[in-house]
Amino acid sequence: MTTIRVVKAKDLPLTEVLELYRAVDWLAYTKEPDNLARALEGSSTLVAAHDGQTLVGLARVISDGASICYLQDILVRPSHHRRGIGRALAERALGQYPHVRQKVLITDDEPKQKAFYEALGYAQTEEFQGGSVRAFIRFD
């Protein structure tokens with residue numbers, strides 16, 4: 001049985017988190033474990049999914065708690081895809097911010113991800129019907 005709960009960074013052994021990130025091939029995170037640990041500690045909200053004792057999913061939010069929240073990471077082990085875990089993680093994480101108007105995320109151009117985020121109510125900026133929106137990004 002999979003459990004979904006809000007956790008603190010100290011509740012997540014870094015070795016388990018690294019294993020999860022490796023399982024989904026997010027290797028940019030695994031190259032610098034100390035940086036990932038700092039990112040977890042600096043997150044506003046962490047939500048973990050466990051199947052028994054195994055970490056199978058994680059969502060991470062960064063927010064000012066008032067005007068914006070950013071869904072930074074949401075990942076689920078491939079062996080646990082299509083079980084509703086990703087949706088449960090997102091809903092639990094974003095549920096901490098019902099009063100926040102802007103809920104933002106950036107992801108790569110993968111059709112399955114597009115479909116997943118649209119199912120959660122997100123729209124690509126060029127498809128947003130609520131007015132003119134422009135997004136900028138910079139990677140260093």
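Higher on the page you've got the structure.
So, here's what we can say about the structure. Starting from 1, residues in each chain are numbered consecutively following that chain's sequence as written. Reporting in this predicted model follows two pLDDT cut-offs: at least 70 for local features of residues, and 80 or more for side-chain atom pairs to be given and counted; totals over whole chains, interfaces and linings ignore these cut-offs and use all residues. Based on all heavy atoms of the structure, the side-chain values leave hydrogens and waters out of the count.

### What about the sheet that holds strand β4 (residues 68-76)?
Here is step 1: Paired strands, in this sense, are two strands between which DSSP finds at least two bridges. The numbering of helices and of strands both runs from the N terminus, where a helix is a DSSP run of H or I of at least 4 residues and a strand a run of E of at least 2. Taken in spatial order, the five strands line up as β1-β2-β3-β4-β5 in an open sheet, and their pairing is mixed. Of all strands in the sheet, those bounded by a partner on one side alone are β1 (2-7) and β5 (102-104). Across this sheet, the average inter-strand angle for adjacent strands is 20°, counted without regard to direction.
Here is step 2: In this structure, strand β3 (residues 54-63) lies alongside β4, joined through seven bridges in antiparallel fashion. Residue pairing across strands places Val-61 opposite Leu-71, the latter belonging to β4.
Here is step 3: In this description, contact between two residues means that some pair of their heavy atoms is separated by no more than 4.5 Å. Angles run from 0 to 180 degrees between N-to-C directions of axes, and those axes are lines fitted to C-alpha atoms, restricted for helices to the stretch in contact. Relative to β3, helix α1 (residues 14-23) is tilted by about 90°, and along the sheet it contacts β2 (45-51), β3 and β4.

### As for the nonpolar core
Here is step 1: By nonpolar core we mean a set of buried residues, namely Ala, Val, Leu, Ile, Met, Phe, Trp, Tyr and Cys, connected to one another through side-chain atoms within 4.5 Å. Note on classification: 1.4 Å probe, protein chains only; a residue is buried when its accessible area is under 20% of the maximum for its type, exposed when over 50%, partly exposed between these limits. In terms of nonpolar packing, the biggest core is built from 19 residues, with Ala-59, Leu-71, Ile-74 and Leu-89 touching the most fellow members.
Here is step 2: Secondary-structure elements contributing two or more residues to this core are β2, β3, β4 and α4 (85-94).
Here is step 3: In terms of residue count, the dominant contributor to this core is α4 (five residues).
Here is step 4: If we skip the residues at most four places from it in the chain, Leu-89 touches Ile-4, Val-47, Ala-48, Ala-49, Gly-57, Leu-58, Ala-59, Ile-74, Leu-75 and Val-76.

### Things to note about the packing of aromatic side chains
Here is step 1: When the centres of two rings from Phe, Tyr and Trp lie within 6.5 Å, Trp using its six-membered ring, the rings pair. Their planes under 30 degrees apart give stacked, over 60 give edge-to-face, and anything left gives tilted. Using the criterion set out here, one finds five aromatic pairs in the structure.
Here is step 2: Judged by centre distance (5.9 Å) and plane angle (25°), the ring pair of Trp-26 and Tyr-29 falls under stacked.
Here is step 3: Judged by relative accessible area, Trp-26 falls into the partly exposed class, the value being 24%.
Here is step 4: Residue Tyr-29 is classed as partly exposed on the basis of its relative accessible area, which comes to 22%.
Here is step 5: Here the aromatic rings of Tyr-117 and Tyr-122 are separated by 6.2 Å at their centres, their planes lie at 80°, and the arrangement is edge-to-face. Comparing Tyr-117 with Tyr-122, the two get one shared label, buried.

### Some points on the environment of Arg-101
Here is step 1: Looking at where Arg-101 falls in the secondary structure, it is placed in the loop between α4 and β5.
Here is step 2: Given a relative accessible area of 74%, Arg-101 falls into the exposed group.

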